[in-house]
Amino acid sequence: MNALETAISLQRLRHAWQSKKAKLRKSCFGVDRVAAGDFERNLERELRELRYRLGAGFKPQGLLAILKPKPTGGSRVICVPTFADRLLQFSLLDQLRPKFNAMGIENTVSYGLAPGAERSVVGARKFACVARARLPWVYKTDVQKFFDNIDRTVLEASLKRVVRQRSLLPFLKAFLHTEILGGLDPDWRAATAKNGILPGRGVRSRPSMRCNFGCGHRAARSGG
């Protein structure tokens, strides 16, 4: 069984749901408007449908844009995949994770991809506070709108160079090219353009999004 067959097996997809269930239950739905409770109640059917999509020329379902107000004004655009697509992302990540050390991705100052509660946003904040208290100075930097301006051709070339599980590459590439297909706010198109989010450039998939927008049930409205 190759890496892809392992990643998309029903057993692995069920494991992805069980391991991330607590977080996913608090997450917002995607463009299909299927909330966490609905997805869980129909889990086996949802997994069978995902498996069918995987064998019929898989393409992600697209992203839902959510506008999160910034304290300084304006909005941050959060791009949310469907639960089915998130499960596949988590399962692919599990297949890639053992190789992270060799890639240099998982290290003592890596937060986000590295597993464990201590590698969360809260963990990163604690690490920064400890460093600030212990060291004479701390250098802080950021790249403005980094993810939304990544050159996809460069990222594709990097994936081909470092990912040895070749069977996973078509799925990673598919997620790389996922675009926004709808939004909760009527002005989501204008907001995404104002934030410099353009089709064909950058990466936007986010495995989870905490539900702070009344997304706990299936939505009746559509912003697509």
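If you're wondering where the values come from, they're calculated on a predicted model, not measured in any experiment.

A. Here's a closer look at the packing of helix α8 (residues 152–162) against helix α9 (residues 169–176). Contact geometry for α8 and α9: axes closest at 11 Å, N-to-C directions at 160 degrees. Taken together, the axes of α8 and α9 are roughly antiparallel relative to one another. Read as a crossing pair, α8 and α9 show a hand that is right-handed. Across the interface between the two elements, Arg152, Leu155, Glu156, Leu159 and Lys160 of α8 pack against Leu169, Leu172, Lys173 and Leu176 of α9.

B. Representation of the pairing of strand β2 (residues 75–80) in the model. Looking at chain direction, strand β1 (residues 63–69) and β2 are connected through six bridges and run antiparallel. Counted as the bridge partner of Lys68 is Arg76 from β2. Joining the antiparallel neighbours β1 and β2 is a turn of five residues, in which Gly73 adopts a positive phi near 105 degrees.

C. Fine view of the packing of aromatic side chains. Counted according to the given criterion, the structure contains six aromatic pairs. When the centroid spacing of 6.4 Å and the interplanar angle of 75 degrees are considered together, the rings of Trp17 and Phe83 count as edge-to-face. On the criterion of sequence distance, the pair formed by Trp17 in helix α2 (residues 10–24) and Phe83 in helix α5 (residues 83–96) is long-range, its members being 66 residues apart. On the basis of an interplanar angle of 75 degrees and a centroid distance of 5.2 Å, the ring pair of Phe146 and Phe147 is categorised as edge-to-face. Aromatic rings pair up to connect Trp17, Phe39 and Phe83 into one cluster. The ring of Phe83 has Arg86 lying over it, and the distance from NZ or CZ to the ring centre is 4.2 Å.

D. Region of interest: the environment of Glu156. One can find Glu156 in helix α8. C-alpha separation for the pair Glu156 and Lys173, spaced 17 residues apart in sequence, amounts to 6.9 Å. In contact with Glu156, not counting residues within four places along its chain, are Lys173, Leu176 and His177.

E. Representation of the sheet that holds β2 within the structure. Strand order in this open sheet of three strands is β2-β1-β3, and the pairing throughout is mixed. Only two strands of the sheet have a single partner each, and these edge strands are β2 and β3 (180–183). With strand direction ignored, the average angle separating the axes of adjacent strands in the sheet is 40 degrees.

Rules used in this analysis
- Residues numbered from 1 in each chain as written.
- Predicted model: local features only at pLDDT ≥ 70, side-chain atom pairs only at ≥ 80, totals over all residues.
- Heavy atoms only, no water.
- Axes fitted to C-alpha atoms, helices over the stretch in contact; angles between N-to-C directions.
- Helix = DSSP H or I, 4+ residues; strand = E, 2+ residues; numbered from the N terminus.
- Parallel < 35°, antiparallel > 145°, perpendicular 65-115°, else oblique.
- Left-handed = near helix turned anticlockwise from the far one by under 90°.
- Contact = heavy atoms within 4.5 Å.
- Pairing = 2+ DSSP bridges.
- Phe/Tyr/Trp six-rings, centres within 6.5 Å; stacked < 30°, edge-to-face > 60°.
- Lys NZ or Arg CZ within 6 Å of the ring centre and 35° of its normal.

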